[in-house]
Amino acid sequence: MSHVTPQPWHVSPRGALSGSVRVPGDKSISHRALMLSALAVGESRIDGLLEGEDVLATAAALRRMGATIEREGEGRWRVHGVGVGGLLQPEGALDMGNSGTSTRLLMGLVASHGVTATFTGDASLSKRPMNRVIDPLAQMGADITSSPGGRLPLMVRGIVPAVPIRYTLPVASAQVKSAVLLAGLNTPGITQVLEPVSTRDHSERMLAGFGADVTVEETSEGRLISIRGEAELKPQQIVVPGDPSSAAFWMVAASVVPGSDVLIENVGLNSTRAGLLQALRMMGADIAEQDARTVGGEPVADLRVRHAALVGIEVPPALAPSMIDEYPVLFVAAAFAQGRTVARGAEELRVKESDRIAAMATALSACGVTLSEHEDGLTIEGSGGEPIAGGTTIASLLDHRIAMSLAVAGLHARRAITIDDAGPIATSYPTFRATLDGLAPAEIAA
Ligand code: S3P
């Protein structure tokens, strides 16, 4: 799962993007579909599962803890669960690769089971903060030993019975919320999470879909999610909608490359994930929602995106939780807009697969974009639709979204942009490059 040999990728303009794409399954929903299926009693089927390395890391770990997980065909998987409380002691360490979601959510599951698991990861994941999940899980009684600073490798010694808690999220993090709710699944009584700022709600939705007793209340302090533990989960047939975070690259690419007209099919539009759509529309993007429908309990539509002259905006900080993974590519959109874009209130970007504020500031500056860096975001002066200079090599820093965002920038640059290592793209979007070739085949030399 680690990319030993770097895979450099030279991206130069190819002209307009046209045609239709179907984005892979939602990464967040795919992780949760595997985890809840693994804890159900009986056999679940999942259609549209993202077969990226992050999700495969979750599948491998769940297998090691007793679930039977089989691939039946492209995106079609069958999972035979062990039942809540039934996870088995894994042999050896669980390799989480690059995946923060796998790590934090599985730590939650292990915390309330009678097993001990060691979590390891790649160089990127080993720098990311885990105290945000260690703190509440320790309050529930789990014994967690981490590397200095609450980093990986770490060991979770689960406890049965765990203690139900009421936990107020100190950071707007769906991963922390989900870790506590998943720990609550095998905890007697009612475990509660209060989120002052709403984050993606896939865990709550899917737990309810599997038959857990979950309630969500809007209170004056925020959303209060309660789960009654020692639940029995019933196996499900799950259809995973397309990932809006993967669609984001085509939304921006088609918006900034002149002449483009792209239909992105089957995009999940859960309001806790759709912030980029709002931000791009504020910038003047031409994005039409077609055939709105419900897939697997989530709102979905096809998006027709046509090139448009974008204008700089102040990105409302309130949108941050609903577009937290989309800032790198939003910064690329801003680089081509008319005027200034100010994006603040996104300090969480500093603890993603890379420090995405620093990574994008360095990469876009090297490509000739004028910007200034803040602790919590960037201010970017756009090119007014003109190509940016490019002609440089940027570091993807083991971060799939940095690599894909700079690939989008390279589609409208005067000289090629070289991504030093495109390997990390396989964590969330293994077919990204082939899809780009389908939308804009002819690579024109810079
Ligand atoms: C995710 C939540 C977000 C997001 C990550 C996936 C999830 O992280 O950045 O890519 O599936 O719950 P945080 O919850 O830490 O903000």
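Since we're looking at a predicted model, the values are computed, not measured.

Undergrad: Explain the overall build of the protein to me, using residue names and the numbers behind them.
TA: Each helix and strand counted, the protein has 12 helices and 23 strands in total. Expected size for 446 residues packed as a compact globule is a radius of gyration near 22 Å; at 21 Å, the protein falls within 12% of this value. Across its three principal directions, the C-alpha atoms of the protein cover 60 × 50 × 40 Å. Looking at the protein as a whole, 60% of its 446 residues are labelled buried. When the accessible surface of the protein is split by element, carbon and sulfur atoms take 50% of a total near 15,400 Å².

Undergrad: Run through the site of the ligand, naming residues and quoting values.
TA: Looking at the ligand, the residues that line it are Lys27, Ser28, Arg32, Thr101, Ala172, Ser173, Ala174, Gln175, Arg200, Ile324, Asp325 and Lys352. Protein chains bury 96% of the 380 Å² of accessible surface belonging to the ligand in isolation. Of all elements in the fold, only α1 (27-39) and α5 (174-185) reach the threshold of two or more residues within the shell around the ligand. For the shell around the ligand, the element with the highest residue contribution is α1, accounting for three residues. Two domains each put at least three residues into the shell around the ligand: domain 1 (9-25 + 241-445) and domain 2 (27-230).

Undergrad: Describe the domain arrangement of the protein, with residues and values.
TA: Here the protein is described as being made up of domain 1 (9-25 + 241-445) and domain 2 (27-230). Taken together, the contact between domain 1 and domain 2 spans 24 residues of the former and 25 residues of the latter. Here domain 1 and domain 2 share an interface that buries about 2,000 Å² over both sides, 48% of which is from carbon and sulfur atoms. Together, Arg273, Glu353 and Thr427 form the three largest contributors to the area buried by domain 1 at its contact with domain 2, with a combined 25%. For the interface between domain 1 and domain 2, the tally reads three salt bridges. A salt bridge links Asp325 to Arg200; the shortest N-O distance between them is 3.4 Å.

Undergrad: Tell me what's going on with the pattern of salt bridges, and back it up with residues and numbers.
TA: Per the stated rule, a full pass over the model turns up 35 salt bridges. Residue Glu348 pairs with Arg132 through a salt bridge whose shortest N-O separation is 2.9 Å. Pair noted here: Glu348 is in the loop between β19 (340-343) and α10 (356-366) and Arg132 is in helix α4 (residues 131-139), with a separation of 216 residues, a long-range link. Between Arg281 and Glu289 there is a salt bridge, and its shortest N-O distance comes to 3.0 Å. The class of Arg281 is partly exposed, set by a relative accessible area of 35%. One network of salt bridges, with partners in common, ties together Arg128, Arg200, Asp325, Glu353, Arg356 and Asp399.

Undergrad: How would you sum up the packing of aromatic side chains? Please name residues and give values.
TA: Going through the model one piece at a time under the given rule, you end up with six aromatic pairs. When the ring of Phe249 is compared with that of Phe432, the centres are 5.9 Å apart and the planes differ by 80 degrees; the resulting orientation is edge-to-face. Taken together, the positions of Phe249 in helix α7 (residues 244-256) and Phe432 in helix α12 (residues 432-439) put the pair 183 residues apart, joining distant regions of the chain. On the accessibility criterion, Phe432 (1% relative accessible area) is buried. A ring pair is formed by Trp250 and Phe432, whose centres lie 4.8 Å apart and whose planes are at 15 degrees; its orientation type is stacked. You can see Trp250 sitting in helix α7 and its partner Phe432 sitting in helix α12, a full 182 residues away along the chain. Ring-pair connections join several aromatic residues into one group, and the members of that group are Trp9, Phe249, Trp250, Tyr429 and Phe432.

Undergrad: Requested: an account of helix α2 (residues 53-64), with residues and values cited.
TA: In an α-helix, one turn spans 3.6 residues; hence positions three or four apart end up facing the same way. Compared with an ideal rise of 1.5 Å per residue, which puts 12 residues at 16 Å, α2 spans 16 Å between its outermost C-alpha atoms and is within 8% of the ideal. Taken residue by residue, α2 has Asp54, Val55, Ala57, Thr58, Ala59, Ala61 and Leu62 as its buried positions. Elements that come into contact with the buried residues of α2 comprise α1, β4 (68-73), β6 (94-95) and α3 (100-111). Following α2 by one or two positions, Gly66 has its phi on the positive side, about 110 degrees.

Undergrad: So, the UniProt feature "active site" (unreviewed entry) in the protein: which residues are in play, and what are the values?
TA: The feature "active site" (unreviewed entry), as given by UniProt, occupies Asp325 in the numbering adopted here. Along the chain, the position of Asp325 falls in the loop between β18 (314-315) and α9 (327-335). Assessed through its relative accessible area of 12%, Asp325 is described here as buried. What Asp325 contacts, discounting residues up to four positions off in sequence, is Arg200, Ser245, Lys352, Arg356 and Arg401. Side-chain polar atoms of Asp325 contact the side chain of Arg200, separated by 3.4 Å.

Undergrad: Could you give an account of the sheet that holds strand β15 (residues 261-268), with specific residues and numbers?
TA: Taking strand neighbours across the sheet as the criterion, the four strands line up as β2-β15-β17-β16 in an open arrangement whose pairing is mixed. Edge positions in the sheet fall to β2 (18-22) and β16 (286-295), since each of these pairs with one other strand and no more. Each strand axis lies, on average, 15 degrees off the axis of its neighbour in the sheet, ignoring direction. The sheet contact formed by β16 and strand β17 (residues 298-306) spans eight bridges and is antiparallel. Bridging across to β17, Val295 finds its partner in Glu298.

Parameters at a glance
- Residues numbered from 1 in each chain as written.
- Predicted model: local features only at pLDDT ≥ 70, side-chain atom pairs only at ≥ 80, totals over all residues.
- Heavy atoms only, no water.
- Helix = DSSP H or I, 4+ residues; strand = E, 2+ residues; numbered from the N terminus.
- Rg over C-alpha atoms; globule rule 2.2 N^0.38 Å.
- Buried < 20%, exposed > 50% of the residue type's maximum accessible area, 1.4 Å probe, protein only.
- Areas by Shrake-Rupley, 256 points an atom, 1.4 Å probe, with all protein chains shown as cover.
- Near = heavy atom within 4 Å.
- Domains from an automatic or database assignment.
- Contact = heavy atoms within 4.5 Å.
- Buried area = accessible area lost by both parts, 1.4 Å probe.
- Salt bridge = Lys/Arg side-chain N within 4 Å of Asp/Glu carboxyl O.
- Phe/Tyr/Trp six-rings, centres within 6.5 Å; stacked < 30°, edge-to-face > 60°.
- Expected span 1.5 Å × (residues − 1).
- UniProt positions renumbered as here; feature names shortened; annotations may be inferred.
- Polar contact = N/O pair within 3.5 Å; in protein donor to acceptor, adjacent residues only side chain to side chain.
- Pairing = 2+ DSSP bridges.
- Axes fitted to C-alpha atoms, helices over the stretch in contact; angles between N-to-C directions.

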